[in-house]
Amino acid sequence: KEINVRIYKKNSNLKAQILYAHGGGFIMGGLESHDEICADICDLTGFKVTAVDYRLSPEYPHPAAFEDVLEIYKSLNKEIPVIGVGDSAGGTLIAMLANELKNTASSLKGQVLIYPYLGGNMDSGSYLTHAEAPCLTTNDMKFYLECWNHNQDDSVKIPLNEINFEGLPPTVVFTASDDPLNSDGISYVKKINSSNGKAIHIEGEHLVHGFLRARNIVEKAKISFAKITQSIIILSQNEWISKQTLRSL
C-alpha cells in the first residue's frame with residue numbers, strides 16, 4: 001500500500017530527524033491540518049520532519065494507523081537518529097511505536113508527546129475534573145476511541161496498559177492543565193521513571209487541548225511550543241532535560 005508523507009527540510013543538520021504523527025482523534029486530520037505546525041518545528045529545530053498521513057477511522061480501524069506509522073518509520077534512514085513527535089492521537093501512536101521498538105537496535109532516540117491519549121481510567125482524574133473542557137470533552141474521547149477500535153481488537157497496545165516500561169527512549173510529555181487527557185501524561189511519566197527510565201512532564205497552565213493551534217497568538221501556548229522545540233533539540237544532543245532548563249524560555 002502507498003502511505004503519503006510530507007517532508008520538511010531546512011538545512012543539512014544530521015544530528016536527528018523527526019517522525020511526526022498528527023492529532024485528530026484517529027478520525028480526522030492529515031498533512032494539511034498540521035502543515036504549519038510541522039513547518040514551524042522544522043524551522044525552529046533545523047531538523048528534517050517526516051509527517052505521516054496515516055489511515056483514519058472508522059473506515060480503517062486499529063491497527064491501520066499504527067501500521068502506517070511503523071511502516072514509515074522503517075523506511076527512514078536509520079543512520080540519522082529518529083525522534084518521534086506526536087500530538088493527541090498522534091501522541092498515542094508515537095508512544096505505541098516507542099513501545100514496539102524498545103530494547104531493539106532500532107529504538108527511537110527520544111519521544112516528545114503533546115497532550116497525548118495514553119489509555120488512562122476515564123472514571124478518574126482529569127477525565128472527571130475536566131470532562132466538559134473546551135476543545136475536547138471526555139465524551140468526545142470515548143466517541144473517537146469507539147471509532148478507532150470499534151472491533152474491540154485486543155492487539156491494541158495502549159501505552160498505560162503495558163506491564164513493562166523499561167527500555168523506553170527519553171520521553172518528554174507536554175499536557176494542558178484544562179484537558180481531560182492531562183492525567184494520562186502524568187501517569188505515563190511516573191511509570192517510566194519508576195522503571196529507571198528518563199521522562200519529564202511539562203504542564204501548560206491554563207491551556208486546553210489543541211493549544212498548538214494557538215502557538216502564535218496566545219502567550220502561554222507560544223511558551224509551551226518553544227519548550228517543545230527546545231526539548232527536541234536537547235534530546236538530539238544526548239543530553240537530559242530539566243524543568244529548570246525549560247523554565248528559562
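Scroll up for the structure.
What you are looking at is a predicted structure, and each value in this text was computed from that prediction instead of being measured.

J.: What's the story with the nonpolar core in this structure? I'm lost.
T.: For soluble globular proteins, the rule of thumb is that nonpolar side chains tend to be buried together. Membership of the largest hydrophobic core comes to 44 residues, with the highest contact counts inside it found for Leu19, Tyr54, Leu93, Leu97, Tyr117, Met141 and Tyr188. Residue assignment for this core shows that the elements contributing at least two residues are β2 (17–21), α2 (64–75), α3 (89–101), α5 (138–148) and α6 (182–194). At eight residues, the largest contribution of residues to this core is made by α3. Counting residues in hydrophobic clusters, the runner-up holds 32 residues, among them Tyr20, Val112, Val172 and Phe211.

J.: Please clarify how the packing of aromatic side chains should be interpreted in this entry.
T.: How two aromatic rings sit relative to each other is set out by the distance from centre to centre and by the angle between their planes. In total, this model carries four aromatic pairs according to the counting rule given. With centroids separated by 5.1 Å and ring planes inclined at 80 degrees, the aromatic side chains of Tyr115 and Phe211 adopt a geometry described as edge-to-face. Taken as a pair, Tyr115 in the loop between β5 (110–114) and α4 (126–129) and Phe211 in the loop between β7 (199–208) and α7 (219–236) lie far apart in primary sequence, 96 residues in all. Classification of Tyr115 as buried rests on a relative accessible area of 3%. With relative accessibility at 4%, the residue Phe211 sits in the buried group. On the numbers, 6.3 Å between centres and 70 degrees between planes, the contact of Phe165 with Tyr188 is edge-to-face. Of this pair, Phe165 sits in the loop between α5 and β6 (171–178) while Tyr188 sits in helix α6, and the two are 23 residues apart along the sequence.

J.: How should the pattern of salt bridges be read in this particular structure?
T.: Opposite charge on two side chains permits pairing when their charged atoms draw close. Tallied over the full model, the rule gives seven salt bridges. Across the salt bridge formed by Arg6 and Asp35, the nearest N and O atoms sit 3.1 Å from each other. Here Asp35 lies in helix α1 (residues 35–45) and Arg6 lies in strand β1 (residues 5–8), a separation of 29 residues in the sequence. Close ionic contact of Glu67 with Arg55 constitutes a salt bridge, the shortest N to O distance being 3.4 Å. Of this pair, Glu67 sits in helix α2 while Arg55 is found in the loop between β3 (48–52) and α2, placing the two residues twelve residues apart along the sequence. The partly exposed category is assigned to Glu67, whose relative accessible area is 37%. The exposure class assigned to Arg55 is partly exposed, which follows from its relative accessible area of 24%.

Rules behind the numbers
Residues numbered from 1 in each chain as written. Predicted model: local features only at pLDDT ≥ 70, side-chain atom pairs only at ≥ 80, totals over all residues. Heavy atoms only, no water. Core = buried A, V, L, I, M, F, W, Y, C linked by side-chain atoms within 4.5 Å. Buried < 20%, exposed > 50% of the residue type's maximum accessible area, 1.4 Å probe, protein only. Helix = DSSP H or I, 4+ residues; strand = E, 2+ residues; numbered from the N terminus. Phe/Tyr/Trp six-rings, centres within 6.5 Å; stacked < 30°, edge-to-face > 60°. Salt bridge = Lys/Arg side-chain N within 4 Å of Asp/Glu carboxyl O.

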